[in-house]
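Breakdown of the fold
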Amino acid sequence: MLVLLPPSETKADGGKGAPLDLETLSFPELNPVRAKLADALVELAQDVPASLAALGISERQSHEVARNGSLWTSPTLPALRRYTGVLYDALDIGSFTRAGLEKAHRRLAVTSSLFGVVSATDPIPAYRLSGGNSVPALGTVRSLWKPALEPVLQDIEGLIVDLRSGTYSAFAKLRPGAVTVRVVTEDAAGNRTTVSHFNKAYKGRLAAVLATSRTEPSTVDELVKVITKAGLTVERTGDHALELLTDD
C-alpha cells in the first residue's frame, strides 16, 4: 500500500543531512525535471522581486527566496520531517514507535512541486514552490510535471490511497483502482458537505492510522476495516471512493 500525501507550504528549517543529491531520492526517473526546476529556482533567487512575484509571496516572506537560492547547498531532512502544518501535525510522526516509523517509511509518500513525489525518508532541503506557480522560462509547475509524473505514479503496484489536494491531483492521474478519500461532515438532517477546516487534520489522522497499522490492506474492503478499527468513521461510496466523517 502507498498513501499519497499533499505537501505543505510551510517547511521545517535546517537539517542534519548532506546537501541535496538527486541520486538519493526515490523515483529517479523524475530527476531530469527535478534538476531543471531546482536550477531555475536557484537562478530566479538572484532576483528577489522577480522571485516574490513568481512565487506569489510578499516581501515579508523573502526568506523563502533565500531558501531557494541555497537549494543545492543547504542541509536536508527526511521528507516527513521537512513538511509541517496542520496535516503533518495531525500525522505526528514524533509519536510513532520504531516499528511504526519503519512502516511509515514504506507506506507514505509526498507529492511535491519541486520533486514530483518523494518517499517518506527522502532527504530534501527547505524550499518554496507551490503547485499553482509558474517558473519563468519553464512555464507552469503542473505542465512540467504531468508528462513526467503521471507514468511514474501509474506504474506503482498495489493499493494506492490518494490523499492529495486538488492542486496536486491535477499533476497526474492515478490508475483507476486508486482509492480517493473525501472528508465530510454530516448535519442533523443527514446532509453531508465537504469540510475544508477539518480536511487536513483528518487526512493526517488517517495517514497515521494507515502508516502504522499492523495490517497492511491490499483491497478497499480491508482498507475500510483498518480505518474503522482505529476509531474513525468511514463509508464506502463507490468502488474506489471513501468518505471520512468528522466527529466535530
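The structure under discussion appears in the preceding block.
Before going into details, it helps to say that this report is about the structure given with it. In this text, all values refer to a predicted model and were calculated from it rather than measured experimentally. (Residues numbered from 1 in each chain as written. Predicted model: local features only at pLDDT ≥ 70, side-chain atom pairs only at ≥ 80, totals over all residues. Heavy atoms only, no water.)

Before going further, it helps to examine the nonpolar core. Grouped together as the largest cluster of nonpolar side chains are 80 residues, with contacts concentrated most on Leu5 and Leu91. Look past the residues within four positions of leucine 91 in its chain and what remains in contact with it is Leu5, Leu80, Phe96, Leu108, Gly204, Ala207 and Ala208. (Core = buried A, V, L, I, M, F, W, Y, C linked by side-chain atoms within 4.5 Å. Buried < 20%, exposed > 50% of the residue type's maximum accessible area, 1.4 Å probe, protein only. Contact = heavy atoms within 4.5 Å.)

A few words now on the pairing of strand E9 (residues 179–186). Bridging between strand E8 (residues 160–162) and E9 involves 2 bridges; their strand directions are parallel. The residue of E9 that forms the bridge with valine 161 is valine 179. Sheet topology places E9 next to strand E12 (residues 241–245); 5 bridges connect them, and they run parallel. Across the sheet, the residue bridging to valine 181 is leucine 242, located in E12. Both E9 and strand E10 (residues 192–194) contribute to a ladder of 3 bridges, which runs antiparallel. Of the residues in E10, the one forming a bridge with glutamate 186 is arginine 192. Joining the antiparallel neighbours E9 and E10 is a turn of 5 residues, in which glycine 190 adopts a positive phi near 90°. (Pairing = 2+ DSSP bridges. Helix = DSSP H or I, 4+ residues; strand = E, 2+ residues; numbered from the N terminus.)

The subject of this paragraph is the pattern of salt bridges. Overall, the coordinates contain 12 salt bridges when judged by the stated rule. Here glutamate 64 makes a salt bridge to arginine 128, at a shortest N to O gap of 3.3 Å. Here glutamate 64, found in helix H3 (residues 62–69), pairs with arginine 128, found in the loop between strand E5 (123–124) and strand E6 (134–135); they are 64 residues apart in sequence, far enough to count as distant. Of the two residues, glutamate 64 and arginine 128, both sit in the buried class. Its salt-bridge partner being arginine 164, residue aspartate 162 comes within 2.8 Å of it at the nearest N-O pair. Across the pair, arginine 164 and aspartate 162 agree in class, each one buried. (Salt bridge = Lys/Arg side-chain N within 4 Å of Asp/Glu carboxyl O.)

As a further point, take the packing of aromatic side chains. Overall, the coordinates contain 5 aromatic pairs when judged by the stated rule. Judged by centre distance (6.4 Å) and plane angle (90°), the rings of tyrosine 83 and tyrosine 127 are edge-to-face. A residue pair is termed long-range when its members are at least 10 positions apart, and tyrosine 83 in the loop between helix H4 (79–82) and helix H5 (86–91) and tyrosine 127 in the loop between E5 and E6 qualify at 44 residues. A single burial state applies to tyrosine 83 and to tyrosine 127, both of which are buried. Each member of the aromatic cluster is reached from another via a ring pair, and the members are Tyr83, Tyr88, Phe115 and Tyr127. In this structure, lysine 11 packs its charged tip against the face of tyrosine 127, placed 4.4 Å from the ring centre. (Phe/Tyr/Trp six-rings, centres within 6.5 Å; stacked < 30°, edge-to-face > 60°. Lys NZ or Arg CZ within 6 Å of the ring centre and 35° of its normal.)

Time to look at the packing of helix H9 (residues 196–212) against helix H10 (residues 220–229). Angle between the axes and distance between the axes: these two values describe a pair of packed helices. Between H9 and H10, whose axes approach to 10 Å, the crossing angle comes to 110°. Of the possible angle classes, the one that applies to H9 and H10 is roughly perpendicular. Facing H9, whose interface residues are Leu206, Val209 and Leu210, H10 presents Leu223, Val226 and Ile227. Counted by class, the contact of H9 with H10 contains 6 nonpolar, no polar and no charged residues. (Axes fitted to C-alpha atoms, helices over the stretch in contact; angles between N-to-C directions. Parallel < 35°, antiparallel > 145°, perpendicular 65-115°, else oblique. Nonpolar A, V, L, I, M, F, W, Y, C, P; charged D, E, K, R; others polar.)

Another aspect to go through is unusual backbone geometry. With a phi close to 50°, aspartate 92 is a non-glycine residue in the positive phi region. A residue is classified by how much of its surface remains accessible, and aspartate 92, at 37% relative accessible area, is partly exposed. Despite not being glycine, alanine 137 has its phi angle at roughly 80°, a positive value. Take alanine 137: it is sitting in the loop between E6 and strand E7 (139–140). The exposure class assigned to alanine 137 is exposed, which follows from its relative accessible area of 86%.

Treat this as a map of the structure, not an account of what it does.
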